[in-house]
Amino acid sequence: MSPRTVASAPRRKGAKTSGKPPRKKKAALPPLSITYPDAAGIDIGASSHFVAVPVGRDTEPVREFAAFTADLRLLVQWLRDCRVTAVAMESTGVYWIPLYEMLEAAGFEVHLVNARHVKTVPGRKSDVLDCQWLQQLMSFGLLRGAFRPADEVCALRAVWRHRDMLLSYQSRHVQHLQKALTQMNVQLHNVISDIMGTTGQAIVRAIVAGERDAQVLARLRHHRIRADEAEIARSLEGNWRHEHLFSLKQALTLYDTYAGQIVDCDAELQRLLSTLKAHEVPDGGLVGDAPRGGPSKNAPRFDARTALFEAGGVDLTRIPGIEASSALKIISEIGTDLRRFPSVKHFTSWLGLCPGTKISGGKALSGTTKRCANRAAQALRMAAQALRKSQSALGAYHRRLCARMDRAKAITATAHKLARLVYFMLTRGQAYVDAGQQQYEERYQQRVIQSLTKRAQALGFQLIPAPQPA
């Protein structure tokens, strides 16, 4: 008897059953239908692009266009002549950006798809087959376009990423500066924590200007430095070789050069944020004090908190752990309009912060979050990491997670909670109000007591509170 016959046979009288309810039959998947009949597929390359249109629209349904601007204009015109309305292209490096912007300006529905979704296609690999496969998948609606914010936000994002790049270049020259001091046996970094702080910069600039007296250099010490003048003077006794002084001067000059470029970026960021202004600051200024502590050394040199409120209508810096720089990075990546995400679950999934759903045979194999190089998620993880010593409800939540799991997972889980707060604030216009660490601990204690009471009742016991000491 075949397995199908056994499964469909009636149950015998008196036969034992497992007691489990029968599984519900899953609804059958709808048949594939043409969703985008006027779709085209483009395989992006560095020097040329291969474009495929539906068969019958042209005598040559697949054409190759060079990456020059004039050829891209011909590409756009050819798609119009072929009555194409939707276009699918892979995100290959940065080569897709000029064509994407040109197609979007021309009124096409452009879908930027992930190359991983189509890389497992069987058959021989070629540019012609790639663009045809993209066109076919797009016509059936099997591809989803990546999230790309509005043009104003894209401009803000480009400048902010450029600023991050300049900061990384500047930090490398700080290492070159410290290397030159070490080669001269100037042990300044052993007595002060930040060589490019107020005291460190004053001493280094004086050395470059020609000062060699350790006692005179030590008098440049800031009053908040723990080391005294005598200890700093001992660390400033070096050999002052000419080649190392030359390297020190070059490193300081390059450091100042990048500092000037960063100032220009801050001015451009302030201008771009003013174009996003859609809300007015209430009378009396923003509610609440400024976030804990002063601005960081690499923070923008303008009132980013007010500018972000005028753009989004909410103050993200009221969330513990998120400062002005982090909020600016998040807004530059996601924008202020999150209608593209139907729910908060879609938003956290795009960030790569939600638990994974790897299930096979009815068994959860793994709940690890997917690997994703999302810059907004990185900023949220950094904000979550800063909550370790925060005396707030989120700080208590993060410390409780650290006690239950390893630190990396706790940071990701806290970043997931921060992402949910950001989503609800931007979509609902709600302000964040911190309940405080004490209230969070009291609520958590009540939940623990309720759980223990239910377990005690199930075992036939009664939970009685212990008498308080006098």
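Fair warning: this is a prediction, and the values are worked out from it, not measured in the lab. (Residues numbered from 1 in each chain as written. Predicted model: local features only at pLDDT ≥ 70, side-chain atom pairs only at ≥ 80, totals over all residues. Heavy atoms only, no water.)

Enquirer: I keep staring at a nonpolar patch on the surface and nothing clicks. Help me out?
Expert: Together, Val448, Ile449, Leu452 and Leu463 make up an exposed nonpolar region whose accessible area comes to about 310 Å². In this fold, Leu452 is placed in helix α16 (residues 437–458). The class for Leu452 is partly exposed, based on a relative accessible area of 41%. (Patch = residues over 30% accessible without salt bridge, like charges linked within 9 Å, V, L, I, M, F, W, Y side chains within 5 Å. Areas by Shrake-Rupley, 256 points an atom, 1.4 Å probe, with all protein chains shown as cover. Salt bridge = Lys/Arg side-chain N within 4 Å of Asp/Glu carboxyl O. Helix = DSSP H or I, 4+ residues; strand = E, 2+ residues; numbered from the N terminus. Buried < 20%, exposed > 50% of the residue type's maximum accessible area, 1.4 Å probe, protein only.)

Enquirer: How should I be thinking about helix α6 (residues 198–209) in this particular structure?
Expert: A turn of α-helix holds 3.6 residues, and therefore any two residues three or four places apart point the same way. For α6, built from 12 residues, the straight-helix expectation of 16 Å at 1.5 Å per residue is met to within 8% by its first-to-last C-alpha distance of 17 Å. For α6, the complete set of buried residues consists of Thr199, Gly200, Ile203, Val204, Ala206 and Ile207. In a view along the axis of α6, the buried residues occupy a sector of 160°, so they form one face of it. Facing away from the buried side of α6 by over 90 degrees, the exposed positions are Thr198 and Ala209. Where α6 ends, the next residue or the one after it, Gly210, has phi of about 120°, a positive value. (Expected span 1.5 Å × (residues − 1). Arc of directions from axis to C-beta.)

Enquirer: Help me understand the packing of aromatic side chains in this model?
Expert: Here the distance between the centres and the angle between the planes together describe a pair of aromatic rings. Under the criterion given, the structure shown has 10 aromatic pairs. Ring centres 5.4 Å apart and planes at 85° place the aromatic pair Trp96 and Tyr100 in the edge-to-face group. Here Trp96 pairs with Tyr100, and both are found in helix α3 (residues 96–105), just four residues apart, close to one helical turn. On the basis of relative accessibility, which here comes to 9%, the residue Trp96 falls in the buried class. The exposure class assigned to Tyr100 is buried, which follows from its relative accessible area of 5%. Each ring, one from Phe147 and one from Trp350, has its centre 5.1 Å from the other, and the planes form 80°; the classification is edge-to-face. With a gap of 203 residues between them, Phe147 in the loop between α4 (127–139) and α5 (151–183) and Trp350 in helix α12 (residues 344–351) connect regions that are remote in the sequence. Judged by relative accessible area, Trp350 falls into the partly exposed class, the value being 25%. (Phe/Tyr/Trp six-rings, centres within 6.5 Å; stacked < 30°, edge-to-face > 60°.)

Enquirer: Any chance you could explain the nonpolar core here in plain terms?
Expert: Side chains of nonpolar character tend, in soluble globular proteins, to be buried together. Core analysis: the biggest nonpolar cluster contains 46 residues, and Leu380 and Val422 have the highest contact counts within it. Mapped by element, the contributors of at least two residues to this core are α5, α9 (242–275), α10 (304–312), α11 (324–334), α12, α13 (375–385) and α15 (407–428). For this core, the leading source of residues is α15, giving eight residues. By size, the runner-up hydrophobic cluster in this structure holds 28 residues, among which are Val174, Leu181, Val204 and Trp240. (Core = buried A, V, L, I, M, F, W, Y, C linked by side-chain atoms within 4.5 Å.)

Enquirer: Can you help me understand the side chain of Thr348 in this one?
Expert: Structurally, Thr348 can be placed in helix α12. According to the relative accessible area criterion, Thr348 is buried, its value standing at 2%.

Enquirer: Is there a simple way to think about the pattern of salt bridges in this case?
Expert: Where side chains of opposite charge bring their charged atoms close, a pairing between them can arise. By the definition in use, this model includes 14 salt bridges. Between Glu268 and Arg271 there is a salt bridge, with the nearest N and O atoms lying 2.6 Å from each other. Note that Glu268 and Arg271 are positioned in helix α9 at a spacing of three residues, about one turn of the helix. For Glu268, a relative accessible area of 28% corresponds to the partly exposed category. In this structure, Lys277 engages Glu280 in a salt bridge whose closest nitrogen and oxygen atoms are separated by 3.9 Å. Look at Glu280 and you get exposed, because its relative accessible area is 59%. The network of salt bridges with shared partners includes Asp58, Glu60 and Arg63.

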